[in-house]
Amino acid sequence: KYSTIRQVIIETHSKELTDSIYSILQSWGFTVKDVSRIKRTKVVKNIIYHPFCFFKLEKINGYNTLKQSIRYVTRRGSSPVAADNKDSGQRILYGFIP
């Protein structure tokens, strides 16, 4: 079965769902990688290179990422990357057709 979809990113919030999505994507021929632990430098570069996109989305979402990042840097809150936080079931899966 041919599909025009060659890449997909899916966020999950439980181990069971992560395992299920992982299996489904592999059965469809995707190579799957867990990209939950992102490099901070890459995030900062993306914000610097695409500030208008970042702040447009931040405005729509009540500046939540920015607020959480400030709390994290000032040691008053947890990491804005949910996968970094203990007991977080969040995972971000990247699937692609090689």
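The structure displayed is predicted, hence computed values, not measured ones. (Residues numbered from 1 in each chain as written. Predicted model: local features only at pLDDT ≥ 70, side-chain atom pairs only at ≥ 80, totals over all residues. Heavy atoms only, no water.)

Participant: What is the right way to read the layout of surface pockets from this model?
Facilitator: Rolled over the atoms, a probe with the dimensions of a water molecule shows which regions are left empty. Roughly 1,000 Å³ of volume is contained in the largest pocket. Forming the walls of the largest pocket are 29 residues, and the residues nearest its centre are I38, K39, V43, T65 and V81. When residues of the lining of the largest pocket are traced back to their parent elements, those giving at least two are β1 (7-12), α2 (40-49), α3 (51-60), α4 (64-73) and β3 (91-96). Considering each element in turn, the lining of the largest pocket owes the most residues, six residues, to α2. Split by residue class, the lining of the largest pocket holds 18 nonpolar, six polar and five charged. (1 Å grid on protein atoms, 1.4 Å probe; cavity = no way out; pocket = protein on both sides within 12 Å on 5 of 7 lines; lining within 4 Å. Points joined across faces, edges and corners; volume = space filled by probe spheres on them. Helix = DSSP H or I, 4+ residues; strand = E, 2+ residues; numbered from the N terminus. Nonpolar A, V, L, I, M, F, W, Y, C, P; charged D, E, K, R; others polar.)

Participant: What am I meant to see in the sheet that holds β1 here?
Facilitator: Through backbone hydrogen bonds, the strands of a sheet pair up, either in parallel or in antiparallel fashion. The strand order across the open sheet built from three strands is β1-β3-β2, with neighbouring strands paired in antiparallel fashion. For this open sheet the edge positions go to β1 and β2 (31-34), each flanked by a neighbour on one side alone. Here the average twist between neighbouring strands, direction ignored, is 20°. Strands in contact with helix α1 (residues 15-27) are β1, β2 and β3; relative to β1, the strand with the most contacts, it is inclined by about 165°. (Pairing = 2+ DSSP bridges. Axes fitted to C-alpha atoms, helices over the stretch in contact; angles between N-to-C directions. Contact = heavy atoms within 4.5 Å.)

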